[in-house]
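A structural walkthrough
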Amino acid sequence: MIRIAVTLALMAPAAFAGEIWVTNEKDDTISVISTETLEVIQTYETGERPRGIIFSRDYSRVYICASDSNAVQVMDPETGKILNDLPSGDDPEQFVLHPNDRHLYIANEDDAITTVVDTETRKVIAQIDVGVEPEGMAVSPDGKIAITTSETTNMAHWIDTETQKLFANTLVDSRPRHAEFVKGGTEMWVSAEIGGTITVFRTADQTELAKIEFAVQGVHPDRVQPVGFEFTAGDTHAFVALGPSNHVAVVNTETYEVEDYILVGRRVWHMAFNADRSLLFTTNGVSGDVTVIDVAAREAIKSIKVGRFPWGAAFRPTD
Amino acid sequence: MILTNLVRQLIAMAIAILVPAGLWAETSLTIGYLKIAQPRPPTLSNLDPVPEDSGFAGARTGLQDNLTTGKFLDQTYELITAVVGEGEDTLAAAREMLAVTPYLVIDAGAADLLNIADLPEASTALLFNVSAGAPDLRSGNCRANVLHTAASDAMRTDALAQVLVQKRWDDLVMIVGTHAADQSYAEAMRRSLTKFGLRLEGEKTWVFDADMRRNAAQEVPLFTQDFGDYDALILADEVHDFGRYVLYNTWAARPVVGSEGLSAVAWSPVIEQWGAAQLQSRFAEQNGREMNAQDYAAWAALRTLGEAVTRTNASDVATLRGYILSDEFELAGFKGRPLSYRDWNGQLRQPIAVAHPRALVAQAPLEGFLHQVNEMDSLGVDRPESMCEVFE
């Protein structure tokens, strides 16, 4: 079964060729993994403590949160050259690109601020006060709402992108880490690392629709800590990284039930899919590697050694 | 159609703005930080002065965290402070503060803490112990109105004992100082060694009055020679007087643990995992120094109250105390696990760092030390052995 999955990946048509870019927090580098060969094909140097990573819509630029350099760096993904830095506020950790392909919403972890930067003029257009230790960032598909989650305040802050002001603050469980809009933007999911849950909100009125809980056999509930998550094609399932429990959960997005747990590397954090979402790449901070999951089989098929403390991951098509 | 959607969204936003304001009417909490100065015995070294604001600085950072969260919920916090000098009237100062607020963070020795807790004015108050480590305060001498965010000595010695077990350093010897704090640490250590099946093969009291800064290389080898062979040497030197001169001067080449060397502490500047780097840098920026265990205990006390207010939107003692001691309560304390309170003696459950001054070596509870309720309860006085009954 494993062999078949790998073979299929290798035979994938050219249209699906691509790379997974992984930031290595403690190496100040990016490892580039080929989604065909499942090997590291390139390593690029970045600023200090790279974490969040995201591509522009046409993939001509890659934005990197260089947290300890207090900048968002703009890199040319063809050459690995840093083109310029964007002002980002102090300690940028995680960010999201507005559908207008122009505005970055950046969580400034040390300052309890969300900074909005115009990537064309390279100017800060707004700074919004949020809770302590902002981290998770999301923007709705229609671009009207941006979300910041704050780890110590334990809230999702809802930002009206028209006015750049908060219009709602919703409490979630302890240490919210990651947020995503789902199902065309009708739902908004927030993971809570210490709370051990994902809260599902209805976007229209910010009410809580569901709370997803996790239980990994043989692992103390305290160590089951949901962090990053991504959705399969059609948003039918969520793959949820469970931190130090070293597992990824597969959640049915209709029933909100967990269907599977997949063993991966140590302290699994964030993840990215390949082009057709048949493979999922998870960053495992403590073991310093990336686990490749066969999405259909729900099995880990390979570990790829990257740099120290891999954190963020993003996909880039190469044709 | 687009217009209708937009209008609907605007209405939704308007409701979102109005509803929380209506639901969460302003809640305000005043918290008092009361410091009772404790005599500090002289130490040989002048290298590490205790910061004047030890503890209080942590409360200040906790207050800041609470305020940032509170502004989204119309909840405000105020921190007032008083310092009682040696020989001044402790109880009068406590009464004065209790007249303002029932929420006190107490930075005092065990005796003063109990005297304050037993005041009639404190019977409906909620006190947080951020200094006293005596296991007795969590057992026979517990009080229903006192919660402990400071780790007990027993939690710390249990944490170290777990590391000794894991490393198979079974044969141990101990040097004990003459101060009360040293004695009580040694007592907790003996209990932990018994609890985890380790052997204490020798024990000596440190009685030198020479200046060891000049003599350690001559005296310490002789002093430790008659211990014979052992796996590790434990120091009970909680005032940090002589211990530092024992390292690298022992007769046998063995690791030194306890009050110096490899130490079990509730907080240390070397903790950076579990998001702790953020708390460390936030603290350092606000206070211009590194965060210590007492700062951490005070921070945890403030955050405990903040978390309870956030979740209940109440400000009365009965509601907050009930919530804090319930299963619902969890505090994200930058130690990798949710922290909670033991509802049978008021002690904050927390992992304990086992560290040397430059790095974290382990964090207890260690893997393999299981417990039927919560692995963190393998540290400190556990429910069956606790004589605390006033919480039941």
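Residues numbered from 1 in each chain as written. Chains lettered and ligands numbered in written order. Predicted model: local features only at pLDDT ≥ 70, side-chain atom pairs only at ≥ 80, totals over all residues.

Let's talk about the overall build of chain A
For chain A, the helix and strand inventory stands at one helix and 28 strands. For 319 residues, the compact-globule estimate of 2.2 N^0.38 gives 20 Å, and the C-alpha radius of gyration of chain A, at 18 Å, lies within 12% of that figure. The dimensions of chain A, computed from C-alpha atoms along their principal axes, are 50 × 45 × 30 Å. Considering only intrachain contacts with a sequence separation of at least 6, the fraction spanning at least 24 residues in chain A is 43%. (Helix = DSSP H or I, 4+ residues; strand = E, 2+ residues; numbered from the N terminus. Rg over C-alpha atoms; globule rule 2.2 N^0.38 Å. Contact = placed C-beta atoms within 7 Å.)

A word on the overall build of chain B
Secondary structure assignment for chain B yields ten helices and 15 strands. Against the 2.2 N^0.38 benchmark of 21 Å for 392 residues, chain B shows a C-alpha radius of gyration of 23 Å, consistent with a compact globule. Across its three principal directions, the C-alpha atoms of chain B cover 90 × 55 × 45 Å. Per-residue burial for chain B yields a buried fraction of 49% across its 392 residues. Long-range contacts, defined here as pairs at least 24 residues apart, represent 69% of the contacts in chain B between residues at least 6 apart. (Buried ≥ 20, exposed ≤ 12 C-beta atoms within 10 Å, placed from the backbone.)

Notes on the sheet that holds strand S15 (residues 359-364) of chain B
All names here are of chain B. In space, the three strands of this open sheet follow the order S10-S14-S15, with antiparallel pairing throughout. For this open sheet the edge positions go to strand S10 (263-265) and S15, each flanked by a neighbour on one side alone. Neighbour-to-neighbour, the strand axes of this sheet turn through a mean angle of 35°, independent of strand direction. Sheet analysis places strand S14 (residues 352-356) next to S15, joined by five bridges and oriented antiparallel. Opposite His-356, over in S15, you have Ala-359 as the bridge partner. Against the sheet, helix H5 (residues 153-167) touches S10, S14 and S15, its axis set at about 65° to S14. (Pairing = 2+ DSSP bridges. Axes fitted to C-alpha atoms, helices over the stretch in contact; angles between N-to-C directions.)

Structural notes on unusual backbone geometry
Looking along the chain, the bond that leaves Ala-364 of chain B and enters Pro-365 of chain B is cis, with omega of 0°. Among the structural elements, Pro-365 of chain B can be located in the segment after S15. In the Ramachandran plot, Asp-101 of chain A falls in the positive-phi region, its phi being about 65° despite a non-glycine side chain.

Regarding the interface of chain A and chain B
Of the residues lining the interface, 26 residues belong to chain A; the matching set on chain B comes to 21 residues. Listed by contribution, the elements that provide at least two residues to the side of chain A that touches chain B are strand S14 (155-160) and strand S15 (165-171) of chain A. When residues in the side of chain A that touches chain B are grouped by element, the largest group, four residues, is from S15 of chain A. Of the residues contributing to the side of chain A that touches chain B, the split by class is nine nonpolar, eight polar and nine charged. (Nonpolar A, V, L, I, M, F, W, Y, C, P; charged D, E, K, R; others polar.)

Quick notes on helix H10 (residues 317-324) of chain B
All names here are of chain B. Those residues of H10 lying buried are Leu-320, Arg-321 and Ile-324. Seen from one end, H10 has its buried residues packed into an arc of 95°, which puts them on one side. For H10, the secondary structure elements touched by its buried residues are strand S4 (126-129), strand S5 (146-148), helix H9 (293-312) and strand S12 (338-341). (Arc of directions from axis to C-beta.)

Examining the sheet that holds strand S9 (residues 256-258) of chain B
Residue and element names in this part refer to chain B. Taken together, the four strands give an open sheet; going across it, the order is S7-S6-S8-S9, and neighbouring strands pair in parallel fashion. Edge strands, defined here as strands with exactly one partner in the open sheet, are strand S7 (199-205) and S9. Averaged over all adjacent pairs, the angle separating strand axes in this sheet is 30°, with direction ignored. One ladder, built from five bridges, connects strand S6 (residues 171-176) with strand S8 (residues 232-236); its direction is parallel. When the sheet's bridge partners are listed, Leu-172 is paired in S8 with Ala-232.

Some points on the environment of Ala-94 of chain B
All names here are of chain B. Considering the arrangement of structural elements, one finds Ala-94 in helix H3 (residues 90-98). Here Ala-94 falls in the buried class, since 28 other C-beta atoms lie within 10 Å of it. Taking the C-alpha atoms as reference points, Ala-94 and Asn-115, separated by 21 residues in sequence, lie 9.7 Å from one another. When sequence neighbours within four positions are dropped, the list of residues in contact with Ala-94 reads Leu-34, Ile-116 and Leu-119.

Structural notes on the environment of Gly-346 of chain B
Relative to the elements of secondary structure, Gly-346 of chain B occurs in the loop between S12 and strand S13 (348-349). Sequence-wise, Gly-346 of chain B and Arg-321 of chain B are 25 residues apart; in three dimensions their C-alpha atoms are separated by 10.0 Å.

Things to note about the pairing of S6 of chain B
Residues and elements named next belong to chain B. S6 sits mainly inside the fold: five of its six residues count as buried. Alignment of S6 against S7, held across six bridges, turns out to be parallel. Note that in S7 the partner of Val-176 across the bridge is Thr-205.

Considerations on the packing of helix H2 (residues 56-70) of chain B against helix H8 (residues 276-287) of chain B
All names here are of chain B. Two numbers describe how H2 lies on H8: the axes approach to 10 Å, and their chain directions differ by 110°. One way to sum up the angle between H2 and H8 is to call them roughly perpendicular. Considering only the axes of H2 and H8, their crossing is right-handed. Each of Ala-57, Arg-60, Thr-61 and Gln-64 in H2 lies in contact with H8, whose residues at this interface are Arg-282, Phe-283, Gln-286 and Asn-287. Of the residues belonging to the contact of H2 with H8, the class tally is two nonpolar, four polar and two charged. (Parallel < 35°, antiparallel > 145°, perpendicular 65-115°, else oblique. Left-handed = near helix turned anticlockwise from the far one by under 90°.)

Quick word on the packing of H5 of chain B against helix H6 (residues 180-195) of chain B
All names here are of chain B. Between H5 and H6, the shortest axis-to-axis distance is 8 Å and the interhelical angle comes to 45°. Classified by the angle their axes make, H5 and H6 are oblique. For the pair H5 and H6, the sense of crossing is right-handed. Within the contact between the two elements, H5 uses Asp-153, Ala-154, Thr-157, Asp-158 and Ala-161 and H6 uses Ser-184, Tyr-185, Ala-188, Met-189, Arg-191, Ser-192, Leu-193 and Lys-195. Of the residues contributing to the contact of H5 with H6, the split by class is six nonpolar, three polar and four charged.

Structural notes on helix H4 (residues 110-117) of chain B
All names here are of chain B. The complete set of buried residues in H4 reads Asp-112, Leu-113, Ile-116 and Ala-117. All buried residues of H4 fall inside an arc of 135° around its axis, so they share one side. The elements touched by buried residues of H4 are strand S1 (27-36), H3, strand S3 (103-107), S4 and S5.

Describing the pairing of strand S10 (residues 113-118) of chain A
Residue and element names in this part refer to chain A. Two strands pair when backbone bridges link them, and strand S9 (residues 103-108) and S10 are joined in this way by six bridges, in the antiparallel orientation. In the sheet register, Leu-104 faces S10, and the bridge partner there is Val-117. Hairpin geometry of S9 and S10 is characterised by an intervening segment of four residues between the two adjacent antiparallel strands and by a positive phi of about 55° at Ala-112. Here S10 hands over to strand S11 (residues 123-129) after four residues, with Arg-122 in that stretch at a positive phi of 55°.

Overview of the confidence of the model for chain B
Close inspection of predicted coordinates is inappropriate for parts of the model with low pLDDT. Residue and element names in this part refer to chain B. Residues of chain B with pLDDT of at least 70 account for 93%, and the chain-wide mean is 91. Within the model, the stretch residues 1-24 combines pLDDT values under 50 with 14 contacts to residues more than four positions away or in other chains. For this predicted complex, the interface score ipTM comes out at 0.77, while the overall pTM is 0.85. (pLDDT = per-residue confidence, 0-100.)

A short note on the environment of Val-257 of chain B
All names here are of chain B. Relative to the assigned elements, Val-257 resides in strand S9. Judged by local crowding, Val-257 falls into the buried class, with 27 C-beta atoms found within 10 Å. With 97 residues separating them in the primary sequence, Val-257 and Leu-160 have C-alpha atoms 8.1 Å apart. Not counting residues within four places of it along the chain, the set of residues in contact with Val-257 comprises Leu-160, Ala-232, Ile-234 and Leu-262.

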